[in-house]
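# Overview (structure and organization)
Listed here are the chains, written in short residue letters.
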Amino acid sequence: MTDSHLSRRTMLRYGAYGAGAAALAGTAASWDRLTGADIPGRDDGSLVVATLGSAFSPDGVRALVEGFQKLHPDIKVRVNAVQAVDWSDFFAKILTQIAAGTAPDLVYVATEGVQLFARRLGVPLDRWVKRDAAELREYFADVHPSLVESMMYEGSLYQLPIEFNAADMYLNTQVLKRAGADFPADDWTRDDFTDLLRRMKKASDSHFTPYFWTNRLWGGVVPWLFANGTNLLAESKAPGGSWLWDSFYPAAQRQGRGGGFRWTTPQATADRVTEAYDYLAQLIQEDLCTRPEGGNGQNLIGVFSTGRVGVTPAGGFWAGGLHLAGMRDDGFDVQYFPRWRTQRHQFGAAGYALLRTSKKQDAAWEFIKYSARRDTLTRLFTTNQTTPARRSMLTDARYRETGPAHWRVFYDTVDKFPDTGPIPAPPQVAEVTQVLLKHTGTALASPRSVGPALRRMQGDLEKAMERDV
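Structural notes, computed from the coordinates. Given the structure is predicted, the values throughout are model-derived calculations rather than measurements.

Moving on: the overall build of the chain. Assigned secondary structure in the chain consists of 21 helices and 15 strands. Taking all 469 residues of the chain together, the buried fraction comes to 63%. In the chain, of all internal contacts separated by at least 6 residues, the share reaching a separation of at least 24 is 82%. In the structure as shown, the chain presents an accessible area of about 17200 Å², 48% of it carried by carbon and sulfur atoms.

Following the criterion strictly, the structure yields 31 aromatic pairs and no others. With centroids separated by 6.1 Å and ring planes inclined at 15°, the aromatic side chains of W128 and W365 adopt a geometry described as stacked. You can see W128 sitting in helix α5 (residues 126-131) and its partner W365 sitting in helix α16 (residues 361-371), a full 237 residues away along the chain. The class of W365 is buried, set by a relative accessible area of 0%. For the ring pair Y139 and F140, a centre distance of 5.1 Å and an interplane angle of 75° mean the geometry is edge-to-face. Each member of the pair, Y139 as well as F140, is classed as buried. Positioned above the aromatic ring of W128 is the side chain of R127, whose terminal nitrogen or guanidinium carbon lies 3.9 Å from the ring centre. Directly above the aromatic system of F226 lies the positively charged group of R344, at a separation of 4.4 Å from the ring centroid.

Here we take up helix α20 (residues 429-443). Given a rise of 1.5 Å per residue, 15 residues ought to cover 21 Å, and the 20 Å separating the end C-alpha atoms of α20 matches this to within 8%. In terms of burial, α20 is a largely internal element, 11 of the 15 residues being buried. Inspection of α20 places V429, A430, E431, V432, T433, V435, L436, H439, T440, G441 and A443 among the buried residues, and these make up the whole buried set. In this fold, the buried residues of α20 make contact with α4 (111-120), α10 (222-227), β9 (233-237), α13 (271-285) and α21 (450-466).

Looking at where R374 falls in the secondary structure, it is placed in helix α17 (residues 374-380). In this structure the C-alpha to C-alpha distance between R374 and Y139, which are 235 residues apart in sequence, comes to 8.1 Å. With sequence-adjacent residues up to four places away left out, R374 is seen in contact with R390, S392 and M393.

Taking every second residue as pointing to the same face, both faces of strand β12 (residues 332-335) are buried, with F332 and V334 on one and D333 and Q335 on the other. Here four bridges tie strand β7 (residues 168-172) to β12, and the two strands are oriented antiparallel to one another. By the bridge assignment, M169 is partnered in β12 with Q335.

Moving on, we come to the pattern of salt bridges. Tallied over the full model, the rule gives 23 salt bridges. A salt bridge links E275 to R341; the shortest N-O distance between them is 2.5 Å. Of this pair, E275 sits in helix α13 while R341 is found in the loop between β12 and β13 (346-354), placing the two residues 66 residues apart along the sequence. What you see here is one network of salt bridges that share partners, running through R131, D132, E135, E366 and K369.

Attention now moves to the sheet that holds strand β11 (residues 309-314). The sheet built from four strands is open, its strands ordered β8-β11-β7-β12 with mixed pairing. Two strands in the sheet have a free side with no partner beyond their single neighbour: β8 (209-211) and β12. Strand-to-strand twist across the sheet, computed as the mean angle between neighbouring axes with direction ignored, equals 25°. Taken strand by strand, helix α9 (residues 190-202) contacts β7, β8 and β11, and its axis lies near 170° from that of β8.

What counts, and at which threshold
Residues numbered from 1 in each chain as written. Predicted model: local features only at pLDDT ≥ 70, side-chain atom pairs only at ≥ 80, totals over all residues. Heavy atoms only, no water. Helix = DSSP H or I, 4+ residues; strand = E, 2+ residues; numbered from the N terminus. Buried < 20%, exposed > 50% of the residue type's maximum accessible area, 1.4 Å probe, protein only. Contact = heavy atoms within 4.5 Å. Areas by Shrake-Rupley, 256 points an atom, 1.4 Å probe, with all protein chains shown as cover. Phe/Tyr/Trp six-rings, centres within 6.5 Å; stacked < 30°, edge-to-face > 60°. Lys NZ or Arg CZ within 6 Å of the ring centre and 35° of its normal. Expected span 1.5 Å × (residues − 1). Pairing = 2+ DSSP bridges. Salt bridge = Lys/Arg side-chain N within 4 Å of Asp/Glu carboxyl O. Axes fitted to C-alpha atoms, helices over the stretch in contact; angles between N-to-C directions.

Structure below.
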């Protein structure tokens, strides 16, 4: 890591909802082998829970396991912390375990893996949710329906979200002061954003970059597509889901809900997509931001904390990361993503997926329920390394030490912008991600590169979406 004070958990979360399942492309060919039963003799009777190695602190994992086994002494639990460089590497290693017949019972899965796992490997939670509806009513009342809907696939629920991160805008307050600029209003526009970058550049030296962003699915170009009222793939809702919405959410909150998101026809050459790329190309030409391949999340913490970057998109996880890097709580703040045609935001969420190969499905469901309890998440998320899916956990006390001042933005991004939705992550997310990253870098090489690169992206996306994963 570039900054030794930054926790690896925080940096992995910076890519948790972005780099995604790109590495799955190499293992996708093994799908027909992935339903093999566990190899005899390798099962010690424990419920095996696979997590990204550095996703949770050791103390958090210990509290999770001990608390669960106190409640369920008859269920042994073993957490398999899979060491991986990022979530894409993690997913690939899990698929390798499954192919080898050593599948875990539960896997911690972020948004980009939800539909991939649901389609081939996951078990819908519907029957348990219906059975334990009275017990779960408090959970759903505390969790925004958009987060729940992002965990549905073709009418069924596959995970209970326990955390999420929306792409908001972090601002270095010292840079704002240096530019003589006020903190932006909630409803600031794209033009306000551009003007702010120009003021920051004018007030700084040649080593300063007003806007820094990374080339990834989460927090890259996608937030600008959402703000411009479009998406990389045509977006719609699957039918179904009324069994959940009618049971747990009032009419106002279930309006427009369905059985999960569908991402289908590529639309990389649509006018609004081109417009978003043209805007980013303009920022690059004015030296108001870097080309996306010019940096990544690993070195961003250092350049932001030292005032060499003014603004960057990040989620609630960065509050804890900046604090651990030594930034004062008043050294940074967060605001909603600026409005363009809309002020729709994008997010990524995560929770536990139950695998079909598990022989302990009822026990696994008990663990899923326990992991979503408020007291459990309070012990697990002791620092602000993420945004808890439970609204009630976001309090002044939680952010008093780390900041930022406008911490309410983290959950209000879904509460105040109900159309905020997940990053586009169909079952073919591996190929889609690779295509997006490749052609985004090419498109922004120069203003004249946008059109040709997006046409090539369209062709490659069409091929990717034809793949039956």
